[in-house]
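Residue-level structural notes
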Amino acid sequence: MSKIETAYFSMEIALRNDIPTFSGGLGVLAGDTLKSFADLAAPVVAVTLIYNNGYFVQNISKDGVQEESLADWDPARTMKLLGPKVELCIENHSVWVRAWQYDQKGLTGHIVPVIFLDTNLVENYPEDRAITQQLYSGDNSMRIHQEVVLGIGGAKMLEALGYRDLKTYHMNEGHAAFLTFELLARLDWKDEAVRRRCVFTTHTPVPAGHDEFDYELVQRVLGVYTPWHVRDIAGRDRLNMTVLALNMSRYANGVAQKHGEVSRRMFPDFDIDAITNGVHSATWTAPAFQALYDKYIPGWRADPEKLAAADKIPDAEIVSAHNVEKAKLLAYIQEKTGEVFAPEILTVGFARRAATYKRGDLLFTDLERLVNICRGKAQFVFAGKAHPRDIPGKEVIRRIVNIAKKLRLENKLKVVFLENYDMALGALLTAGADAWLNNPVRPREASGTSGMKAAHNAVPNFSVLDGWWIEGCVEGVTGWSIGPPATENDLIENSNDADARDLYEKLEKALIPAYYNDRPRWAYIMKNAVAKNASVFNTHRMCKEYLRKSYTPKPVAVA
Ligand SMILES: *Cc1c(COP(=O)(O)O)cnc(C)c1O
């Protein structure tokens, strides 16, 4: 235990589908990161919150209205309850925190302990027991309570558990930045001493995405934990968690090269590097492809860069592995919706959080044109959750569901929306679709990772040039782009119409002709998705970059 050097803090971590303590990309990235650290035998411990009710379970009514219910799961099935409890002072009274441990075991048996903090203790008031109940629920006051438990409670818990030689505290997004307050108290209130120990990853390319709190609320909730110079390090008028994290870190990074540029533009006073995201290869490679890689690329799990050799796999075997996974998806669609999707039809998948900037309904901009191009030639499968308070996001879901219904009834096009997007459905979709669609408003997709999962299963991406796809797209070789290159680093008003026109144009002139009339070309693109994308956009490569650039403290210059 004493050898562990780095503590990884994240508000959400998605390790497995039966530990539903995540909402989307941030959590999946964190989970995949820890799996790769375990495979690489890196000396890392992780901290997050337990969320006994998860995020939420999504049901969609016949009219397309999202209905939410609580997740129900039992941590005791997968984790062990630890002995130590730590006491926090929140709103001027005691709040006790206990911890559960999940052991993330790597390929060679190395364990990354993942600590889940829990305030559901009889010692606590009911409102404090609820702090770790549900992810991203409640108002700003609930949010700051959760972030105090994560940051300050997490740092205290690590100490209580005996992690005393930590050289690096990694804040995965600003949610954990209150840990710097705890470190300040331990280190004689010396900013420089804290800065030497902290690193930060930002995931948000829009100013509104960064957590901010009124100082009145901060004072009320954090009280004695608030350092006297908080306005110098966290923002003059309101406490901004990103500014705090940036000010207190020796190293900071964005999650794709473009996102690094966008972040430097947003925070010009800071040095912000970029480490492009990845996915955990063994987790997101479907069984038929695992068998194929085991046959042709032994050692790919420990060293996914080897997937670069995928172009030597015979076309027929790539195609038949894909057909196995496609059949699973089509069977699931039939089971859940009653719709029969023909296996020989080009099937396009789209699944992500239903935030408006992701433009889940862009495909339906010009219905007549869509139907003219795709009738009998393409079918579409959608999934995604909207945050319970995201009214416009829910409206996007409603629109997709209702358009799907109309197109189906008029016998024009097959479109389905699958409920309750989670890790299992994500795996099914990114392996079973023929092409993976993504069309966010540039440059708001910090990285995006579902397309990397698709690439691991030889499913080419068809995406707006944003996030990782700027780096991964070789037109007509690894997949296809939509719209113009992303030259801008500021928020701009994208033209929905221009992007939609390009989407239709590519469907009509590139995807559909290649899929039906040029099978060797399609197989070539499938193989290059693996060889050129999966070999790079995996968390093994990413974690090695973190170990080298972020987790290795720079030597202090001697005057
Ligand atoms: C991979 C994944 C995401 C993130 O995908 P993006 O492309 O970044 O939107 C979100 N939710 C689930 C369930 C996932 O598996």
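Predicted, not measured: the structure shown is a model, and the values here were computed from it.

Reading across the sheet, the six strands line up as 17-16-15-18-19-20 and stay open at both edges, with parallel pairing between neighbours. The two strands at the open ends of the sheet, each matched to only one other strand, are strand 17 (415-418) and strand 20 (479-482). Ignoring which end each strand starts from, the neighbouring axes of this sheet average 20° apart. Judged from the three bridges that link them, strand 18 (residues 435-438) and strand 19 (residues 461-464) form a sheet pairing that is parallel. In the strand pairing of strand 19, Asn 438 is matched with Ser 463. Packing against the sheet, helix 12 (residues 315-337) makes contact with strand 15 (346-351), strand 16 (378-383) and strand 17, and its axis sits at approximately 80° to strand 17. Relative to strand 20, helix 18 (residues 496-517) is tilted by about 165°, and along the sheet it contacts strand 15, strand 16, strand 18, strand 19 and strand 20.

Bringing the packing of helix 12 against helix 19 (residues 519-534) into the picture now. The geometry of helix 12 relative to helix 19 is characterised by a closest axis approach of 10 Å and an angle of 75° between their N-to-C directions. By the angle class used here, helix 12 and helix 19 are roughly perpendicular. Contact with helix 12, carried on its side by Asp 315, Ile 318, Val 319 and His 322, involves Pro 520, Ala 523, Met 526 and Lys 527 of helix 19 and no other residues of that element. In the contact of helix 12 with helix 19, the residues fall into five nonpolar, one polar and two charged.

With that settled, the discussion passes to the domain arrangement of the protein. By the assigned domains, the protein splits into domain 1 (6-57 + 66-278 + 542-550) and domain 2 (281-537). Here domain 1 and domain 2 have C-alpha centroids that lie 31 Å from each other. On the domain 2 side, the residues contacting the 34 residues of domain 1 number 37 residues. Here domain 1 meets domain 2 over a buried area of about 2800 Å², counting both sides, of which 56% is carbon and sulfur.

So, on to the nonpolar core. Core analysis: the largest hydrophobic core is formed by 68 residues, its most contacted members being Phe 178, Leu 222 and Leu 239. In terms of residue count, helix 3 (residues 140-160) provides more of this core than any other element does, eight residues in total. Setting aside chain neighbours within four positions, we find Phe 178 in contact with Ile 144, Glu 147, Val 148, Gly 151, Ile 152, Phe 213, Leu 222, Leu 239, Met 241 and Leu 244.

The next thing to look at is the environment of Arg 521. Topologically, Arg 521 is positioned in helix 19. Take Arg 521: its relative accessible area is 34%, and that puts it in the partly exposed class. The sequence separation of Arg 521 and Val 477 amounts to 44 residues, and the corresponding C-alpha distance is 8.8 Å. Beyond its immediate stretch of four places on either side in the chain, Arg 521 contacts Gly 476, Val 477 and Ala 514.

Before going further, it helps to examine the side chain of Ser 36. Locating Ser 36 in the fold gives a position in helix 1 (residues 25-39). Excluding residues within four positions of it along the chain, Ser 36 makes contact with His 280, Thr 539, His 540 and Cys 543.

Right, let's talk about the site of the ligand for a bit. Around the ligand, a shell composed of 13 residues is seen, among which Lys 358, Gly 448, Thr 449, Ser 450 and Lys 453 lie nearest. Residue Ser 450 places a side-chain N or O atom 2.6 Å away from an oxygen atom belonging to the ligand. Compared with its free state, where it exposes 390 Å², the ligand has 95% of that area covered by protein. Secondary-structure elements contributing two or more residues to the shell around the ligand are helix 1 and helix 16 (450-456). A breakdown of the residues in the shell around the ligand according to their chemical character gives four nonpolar, five polar and four charged. Of the domains in this structure, domain 1 (6-57 + 66-278 + 542-550) and domain 2 (281-537) are the two that each give at least three residues to the shell around the ligand.

What counts as what
- Residues numbered from 1 in each chain as written.
- Predicted model: local features only at pLDDT ≥ 70, side-chain atom pairs only at ≥ 80, totals over all residues.
- Heavy atoms only, no water.
- Pairing = 2+ DSSP bridges.
- Helix = DSSP H or I, 4+ residues; strand = E, 2+ residues; numbered from the N terminus.
- Axes fitted to C-alpha atoms, helices over the stretch in contact; angles between N-to-C directions.
- Contact = heavy atoms within 4.5 Å.
- Parallel < 35°, antiparallel > 145°, perpendicular 65-115°, else oblique.
- Nonpolar A, V, L, I, M, F, W, Y, C, P; charged D, E, K, R; others polar.
- Domains from an automatic or database assignment.
- Buried area = accessible area lost by both parts, 1.4 Å probe.
- Core = buried A, V, L, I, M, F, W, Y, C linked by side-chain atoms within 4.5 Å.
- Buried < 20%, exposed > 50% of the residue type's maximum accessible area, 1.4 Å probe, protein only.
- Near = heavy atom within 4 Å.
- Polar contact = N/O pair within 3.5 Å; in protein donor to acceptor, adjacent residues only side chain to side chain.
- Areas by Shrake-Rupley, 256 points an atom, 1.4 Å probe, with all protein chains shown as cover.

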